[in-house]
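What follows is each chain in one-letter form.
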Amino acid sequence: MDALTAAPLAKSLDAPILLTRGDKVPDATLEALEQLQVQEVYTVTGALKKADLEKFFADKELEITITELGGKDRFETSANIADQLENVENVVIAYAYKNADAVSVASAAAIENMPILLTKKNVLPDPQADYLATIKDQVQKTYVVGGEAAISPEVFAELPGTEDESKFRIAGNDRYETNLEVLKAFDSL
């Protein structure tokens, strides 16, 4: 899920998303770092610790600056990633425990510089509420991806915007129909 919420940041930095195995950096990822001559890495998982990565890169004689965005959980991580984006005008809210909705919207979110904030069904987590409070005056549109079974009307009501004017729920009867509705909503990209 962290890699999905990182898509808008990767686009804004014109950077690839490289995968790890939890707290391990696979050889293929290391090869990509060397081949791309990477000078800066953003970690988007709490599994990789900055000190461990610094030691790993030093052992491999790589001079890479590390910015740690991984939080204590996926909610804090998605808010940390969102906080790195500049000039945010629109936001996406997706259910945190199944990735189909976030997968459906990740490319559109990246193209449109929209952070993907993860939520629980019945509670907007504090990191998301705090982030939204800091940008509420600049948010023009809020897109909630998923039906009421994924994100409750109560959470929807807490989000910035006015329903049907600047706050929209994109949903279908199942993940496949929701995917189709996301494609329709962002078909002009």
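What counts and how
- Residues numbered from 1 in each chain as written.
- Predicted model: local features only at pLDDT ≥ 70, side-chain atom pairs only at ≥ 80, totals over all residues.
- Heavy atoms only, no water.
- Pairing = 2+ DSSP bridges.
- Helix = DSSP H or I, 4+ residues; strand = E, 2+ residues; numbered from the N terminus.
- Axes fitted to C-alpha atoms, helices over the stretch in contact; angles between N-to-C directions.
- Contact = heavy atoms within 4.5 Å.
- Core = buried A, V, L, I, M, F, W, Y, C linked by side-chain atoms within 4.5 Å.
- Buried < 20%, exposed > 50% of the residue type's maximum accessible area, 1.4 Å probe, protein only.
- Polar contact = N/O pair within 3.5 Å; in protein donor to acceptor, adjacent residues only side chain to side chain.
- Parallel < 35°, antiparallel > 145°, perpendicular 65-115°, else oblique.
- Left-handed = near helix turned anticlockwise from the far one by under 90°.
- Nonpolar A, V, L, I, M, F, W, Y, C, P; charged D, E, K, R; others polar.
- Right-handed = clockwise from strand over helix to strand, strands pointing away.
- Arc of directions from axis to C-beta.

Describing the sheet that holds strand E4 (residues 116–119)
Consideration 1: Strand order in the open sheet made by the four strands is E4-E3-E5-E6, with parallel pairing throughout. Each edge of the sheet is formed by a strand with only one pairing partner; in this case those strands are E4 and strand E6 (167–170). Going from strand to strand, the sheet's axes swing by 25 degrees on average, the running direction of each strand aside.
Consideration 2: In this sheet, strand E5 (residues 141–145) lies alongside strand E3 (residues 90–95) in parallel orientation, the contact comprising five bridges. Across the sheet, residue Val91 finds its bridge partner in E5, namely Thr142.
Consideration 3: Set on the sheet, helix H7 (residues 126–135) makes contact with E3 and E4; between it and E4 the angle comes to about 140 degrees.

Observations regarding the environment of Pro127
Consideration 1: Note that Pro127 resides in helix H7.
Consideration 2: Expressed as a C-alpha distance, the spacing of Pro127 and Phe75, which sit 52 residues apart in the sequence, is 6.3 Å.
Consideration 3: Once residues lying within four places of it in the same chain are set aside, the contact partners of Pro127 are Phe75, Glu76 and Ala79.

Details of the nonpolar core
Consideration 1: Of all hydrophobic cores here, the largest spans 23 residues; its most connected members are Ile93, Tyr131, Leu132, Ile135 and Ile151.
Consideration 2: The contact partners of Leu132, leaving out residues within four places of it in the chain, are Val91, Ile93, Leu117, Leu124, Leu159 and Pro160.

Let's talk about helix H5 (residues 74–84)
Consideration 1: Of the residues making up H5, those classed as buried are Phe75, Thr77, Ser78, Ala79, Ile81 and Ala82.
Consideration 2: Capping of H5 at its N-terminal end is provided by Asp73; its side-chain oxygen lies 3.1 Å from the backbone amide nitrogen of Phe75.

Examining the packing of helix H6 (residues 100–111) against helix H9 (residues 175–185)
Consideration 1: Where H6 contacts H9, the two axes come as close as 9 Å, and the packing angle between them is 15 degrees. It follows from the interaxial angle that H6 and H9 lie roughly parallel. The handedness of the crossing between H6 and H9 comes out as right-handed. Between H6 and H9, the contacting residues are Ala100, Asp101, Ser104 and Val105 on the first element and Arg175, Thr178, Asn179 and Val182 on the second.
Consideration 2: Considering only residue class, the contact of H6 with H9 consists of three nonpolar, three polar and two charged.

Observations regarding unusual backbone geometry
Consideration 1: Positive phi outside glycine occurs at Asn87, with the angle close to 55 degrees.
Consideration 2: In this structure, Asn87 sits in the loop between H5 and E3.
Consideration 3: Although it is not a glycine, Asp164 sits at a positive phi angle of roughly 70 degrees.
Consideration 4: Its place among the elements puts Asp164 in the loop between helix H8 (153–158) and E6.
Consideration 5: The class for Asp164 is exposed, based on a relative accessible area of 64%.

Some words on the environment of Val182
Consideration 1: If you trace the backbone, Val182 turns up in helix H9.
Consideration 2: Val182 sits in the buried class, given a relative accessible area of 2%.
Consideration 3: Sequence separation between Val182 and Lys49 is 133 residues; the distance between their C-alpha atoms is 35 Å.
Consideration 4: Setting aside chain neighbours within four positions, we find Val182 in contact with Ser104, Val105, Val145 and Ile170.

Here we look at the pairing of strand E1 (residues 40–43)
Consideration 1: Burial along E1 is one-sided: Val41 and Thr43 are buried, while Glu40 and Tyr42, pointing the other way, are not.
Consideration 2: Sheet topology note: the E1/strand E2 (residues 65–68) ladder contains four bridges and is parallel. Looking across to E2, one finds that Thr43 is bridged to Glu68.
Consideration 3: Regarding topology, helix H4 (residues 50–59) serves as the crossover connection from E1 to the parallel E2, and that connection is right-handed.

Focus on helix H3 (residues 27–35)
Consideration 1: Burial in H3 covers these residues: Thr29, Leu30, Ala32 and Leu33. Projected down its long axis, H3 shows its buried positions confined to an angular sector of 160 degrees, all on one face. Across H3 from its buried face, at more than 90 degrees, point the exposed residues Asp27, Ala28, Glu31 and Gln35.
Consideration 2: Looking at the packing, one finds that the buried side of H3 touches E1 and H4.
Consideration 3: With its phi angle positive at about 55 degrees, Gln37 sits one or two positions after the end of H3.

As far as function goes, none of this settles anything; it's purely spatial.
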